[in-house]
Amino acid sequence: AVVSTQSTGNAGLLAYYPGRSNYEFSIPNSASLVDGLNKGKTEILRTLRMCSSKEILENDLLLMKLRCKNLGIKYVIYDLIGSQSVSVQITGMGNLIKHKEKN
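Residues numbered from 1 in each chain as written. Predicted model: local features only at pLDDT ≥ 70, side-chain atom pairs only at ≥ 80, totals over all residues. Heavy atoms only, no water.

(A) Structural view of the pairing of strand β6 (residues 94-99). The pairing of strand β4 (residues 55-57) with β6 spans three bridges and is antiparallel. Bridge assignment links Leu57 to a residue of β6, and that residue is Leu96. Note: strand β5 (residues 86-91) against β6, six bridges, orientation antiparallel. The partner of Val88 across the bridge, within β6, is Ile97. Where β5 folds back onto β6 in an antiparallel hairpin, the turn is made up of two residues. (Pairing = 2+ DSSP bridges. Helix = DSSP H or I, 4+ residues; strand = E, 2+ residues; numbered from the N terminus.)

Take a look at the structure:
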């Protein structure tokens, strides 16, 4: 049972859950965006793992077509870099995306 606040109206940006002492920030209908981002990340990581050297040029990744169409591949690459799942090495031919192995 989410109780909406008067200041945000029906936008649903602030949600109060009874029994908790704080408000939570939420964006309506964001589940499909997050789901598409996770599927895109999985697809790119799978592609990197299938490469023999576990690395690929960013330009080659940008030419790849993702199965999920919610986000562009650039946003997925930026999210992978931000979450430190991949590393970037600058080369003469462009940015080289390397898969980071989990220890």
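(B) A look at the nonpolar core. In terms of nonpolar packing, the biggest core is built from 12 residues, these being Ile44, Leu45, Leu48, Ile56, Leu61, Leu66, Ile73, Val76, Ile77, Leu80, Val86 and Ile97. Looking at this core, the elements with two or more residues in it are α1 (31-50) and α3 (73-82). It is α3 that contributes the most residues to this core, four residues altogether. The residues touching Ile56, leaving out its near neighbours within four places in the chain, are Leu48, Leu61, Asn95, Leu96 and Ile97. (Core = buried A, V, L, I, M, F, W, Y, C linked by side-chain atoms within 4.5 Å. Buried < 20%, exposed > 50% of the residue type's maximum accessible area, 1.4 Å probe, protein only. Contact = heavy atoms within 4.5 Å.)

(C) Spotlight on a nonpolar patch on the surface. A cluster of nonpolar side chains, Leu13, Leu14, Tyr23, Phe25 and Ile27, forms an exposed patch at the surface whose accessible area comes to about 510 Å². Here Leu14 shows up in strand β2 (residues 14-16). (Patch = residues over 30% accessible without salt bridge, like charges linked within 9 Å, V, L, I, M, F, W, Y side chains within 5 Å. Areas by Shrake-Rupley, 256 points an atom, 1.4 Å probe, with all protein chains shown as cover. Salt bridge = Lys/Arg side-chain N within 4 Å of Asp/Glu carboxyl O.)

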